[in-house]
Amino acid sequence: MNNTSKGALIKTFRAFALFFGLFFVLILTLGFLIYRANHNLYIEDAKNSVESVLGLTQELISHEKQLALSIALMLAQNETLKEGYLTNDRALLFETLQREISKIKQYLQIETLEVQLHTKDAKAYVRSWDFEDYGDDLSTFRKGIALLQQTKMPLVAIELGKRLNIKALCPIYAKNEFIGSLEIIIPFDEVAQKLNAKKINFVILMDKELLEIGAWMKELTQIDHYVIVSNSCPSECINALSSIISTSTVERGFARENGVLFGFTPLFDIEAKQVGYIGIWFAEALLKESLLLRASLSPRSTPLHVKTLEPAMEESQKHEILIR
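Residues numbered from 1 in each chain as written. Predicted model: local features only at pLDDT ≥ 70, side-chain atom pairs only at ≥ 80, totals over all residues. Heavy atoms only, no water.

### As for the overall build of the protein chain
Then, in step 1: Within the protein chain, the secondary structure is distributed over 9 helices and 12 strands.
Then, in step 2: For the protein chain, the share of sequence-separated contacts (at least 6 apart) that also reach a separation of at least 24 residues comes to 60%.
Then, in step 3: Total accessible area computed for the protein chain in this model is approximately 17,000 Å², and 55% of it derives from carbon and sulfur atoms. (Helix = DSSP H or I, 4+ residues; strand = E, 2+ residues; numbered from the N terminus. Contact = heavy atoms within 4.5 Å. Areas by Shrake-Rupley, 256 points an atom, 1.4 Å probe, with all protein chains shown as cover.)

The structure is reproduced here in C-alpha cells:
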C-alpha cells in the first residue's frame, strides 16, 4: 500500500472518529437536556402537590374553626350556664361544662375540647381544665376577648394566649343583658390526625419571640427561630424537622431532602399578624396519589355539625359573626 492510500485511509478513519465523537457528544447533551427537562417537570409537579396539600390543610383548619364557632354558639344558649352566671355559682358552671363537653366530644367524635368562661369585664371565670384557676384579667393580652368586649359579636380565629390554638368566642346574654362570654378552645390535633391518616405529617411552627405571651409553651421543642406547637410531633418528627427548618427554608415554602417533600405557608392571628408557619411533609412516593388527595382529604363543604349545632339567636344577639 502506497503512501497516498495510507493517507486516505487515515483521513477516512479520522472523519469517522470525529463523526462518532460528535454523535456521542450530541447523544450525551440530548440525554442531559431531557434529564433536566424531566427533573424540572418533576420538581414543578412536586411543588404543585405540596401547594395542594397546604391548601387542603388550610381547609381542614377552616373546618375546625367553623366547628368551634358552632359549639360556642350552642353553649352560649345553655340555660344552666346562664343560671350559674346570674347566681354567681362557679361550681354549677364547672359541673355544667364537664357534662356538656363530654356529650359534645362523644357526639362529634373529637378527643380534645376545652371551654373557658369569662366575666362581663373580661376576667377568667371558670376554666373546664382547672376549677381553682380564675380571676386573671384577659383583656390585657387576649386580642380576641378585647375585640368581643368592643363588638359583642361572636368570632373565631387562631389566637395566641398561653397557648396557640383555635379559639371561638361568643357573648352570653340573659334577658337581653350581656353577662359574660364563652370561649371554645380546639388544638390542631384533629387536623394532624386527618392528615396522618393519609401519610402526611403536620406541624405548627410558632415564632419564638412570641413565647413572652405563650408562657405555657416555653418547655416545647425549639428549632432555629421557631417553637413546635403541635402535640402530635414525636421524636422522629423532631428529627425530620431539625435537618430542614431554617428561616430561609420556611420563607421559600418548599424543600426536598432524602426522598421527602416539605411545604410551609404563613400562619396569621386574629389581627392578620404572622405568628408562624403551617408545615407539612410527606414521602415523594405519594406524588402519584396527588390527584386523589383533594377528594380524600377535603372536609364537607357544608359541615353537618355546623347546621346541627348552631342555635337560633334572639333579636338582640343577631350580629355579624367574624371568622378570621
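### Things to note about the sheet that holds strand β11 (residues 274–283)
Then, in step 1: Pairing is antiparallel across the open sheet formed by 6 strands, whose spatial order is β7-β8-β6-β11-β10-β9. Two strands bound the open sheet, and with one partner strand each, they are β7 (222–223) and β9 (254–257).
Then, in step 2: Across 9 bridges, the pairing between strand β10 (residues 260–268) and β11 is antiparallel. Counted as the bridge partner of Phe264 is Gly279 from β11. (Pairing = 2+ DSSP bridges.)

### Section: helix α4 (residues 143–151)
Then, in step 1: Taken together, the buried positions of α4 are occupied by Gly144, Ile145, Leu147 and Leu148. The buried residues of α4 occupy an angular sector of 160 degrees when the element is viewed end-on, so they sit on one face.
Then, in step 2: Phi turns positive one or two residues past the end of α4, at Lys152, with a value near 55 degrees. (Buried < 20%, exposed > 50% of the residue type's maximum accessible area, 1.4 Å probe, protein only. Arc of directions from axis to C-beta.)

### Quick look at the pairing of β9
Then, in step 1: In terms of strand pairing, β9 meets β10 through 4 bridges, oriented antiparallel. When the bridges of β10 are listed, Arg256 appears paired with Leu261.
Then, in step 2: The loop that links β9 with its antiparallel partner β10 comprises 2 residues; one of these, Asn258, has a positive phi angle of about 50 degrees.

### Things to note about the nonpolar core
Then, in step 1: Within the largest apolar cluster, 63 residues are counted, with the highest numbers of intra-cluster contacts made by Leu117, Leu164, Leu182, Ile184, Phe202, Met206 and Ile280.
Then, in step 2: The biggest single contributor to this core is helix α1 (residues 3–75), with 14 residues.
Then, in step 3: Not counting chain neighbours up to four residues away, the residues in contact with Ile280 comprise Val50, Val53, Leu54, Thr57, Leu195, Ile200, Asn201, Phe202, Leu261, Phe262 and Gly263. (Core = buried A, V, L, I, M, F, W, Y, C linked by side-chain atoms within 4.5 Å.)

### Quick look at the confidence of the model for the protein chain
Then, in step 1: On average, residues of the protein chain score 81 in pLDDT, and 74% of them reach the 70 mark or higher.
Then, in step 2: Within the protein chain, strand β1 (residues 114–119) carries the highest mean pLDDT (97), whereas helix α9 (residues 304–309) carries the lowest (30).
Then, in step 3: Taken together, the stretch residues 291–320 has pLDDT below 50 and engages in 50 contacts with residues farther than four places along the chain or on a different chain. (pLDDT = per-residue confidence, 0-100.)

### Concerning the pairing of strand β2 (residues 124–127)
Then, in step 1: In this structure, β1 lies alongside β2, joined through 3 bridges in antiparallel fashion. Looking at the pairing, Leu117 lines up with Val126 of β2.
Then, in step 2: Counted between consecutive antiparallel strands, the loop separating β1 from β2 contains 4 residues, among which Ala122 sits at a positive phi close to 70 degrees.

### Some remarks on unusual backbone geometry
Then, in step 1: Even without being a glycine, Lys199 presents a positive backbone phi close to 65 degrees.
Then, in step 2: Here Lys199 lies in the loop between α5 (189–196) and β6 (201–207).
Then, in step 3: Of note, Asp224 is a non-glycine position whose phi angle comes to about 55 degrees, a positive value.
Then, in step 4: Topologically, Asp224 is positioned in the loop between β7 and β8 (226–228).
Then, in step 5: The exposure class of Asp224 is partly exposed, given its relative accessible area of 37%.

### Concerning the packing of aromatic side chains
Then, in step 1: In total, this model carries 6 aromatic pairs according to the counting rule given.
Then, in step 2: For the ring pair Phe94 and Phe131, a centre distance of 5.2 Å and an interplane angle of 65 degrees mean the geometry is edge-to-face. Taken together, the residues span a long stretch of sequence, with Phe94 in helix α3 (residues 90–108) and Phe131 in the loop between β2 and α4 at a distance of 37 residues.
Then, in step 3: On the accessibility criterion, Phe131 (25% relative accessible area) is partly exposed.
Then, in step 4: Plain terms: the ring middles of Phe262 and Trp281 are 6.0 Å apart, the flat faces sit at 20 degrees to each other, and that makes the pair stacked. Highlighted residues: Phe262 in strand β10 and Trp281 in strand β11, separated in sequence by 19 residues. Each member of the pair Phe262 and Trp281 is classed as buried. (Phe/Tyr/Trp six-rings, centres within 6.5 Å; stacked < 30°, edge-to-face > 60°.)

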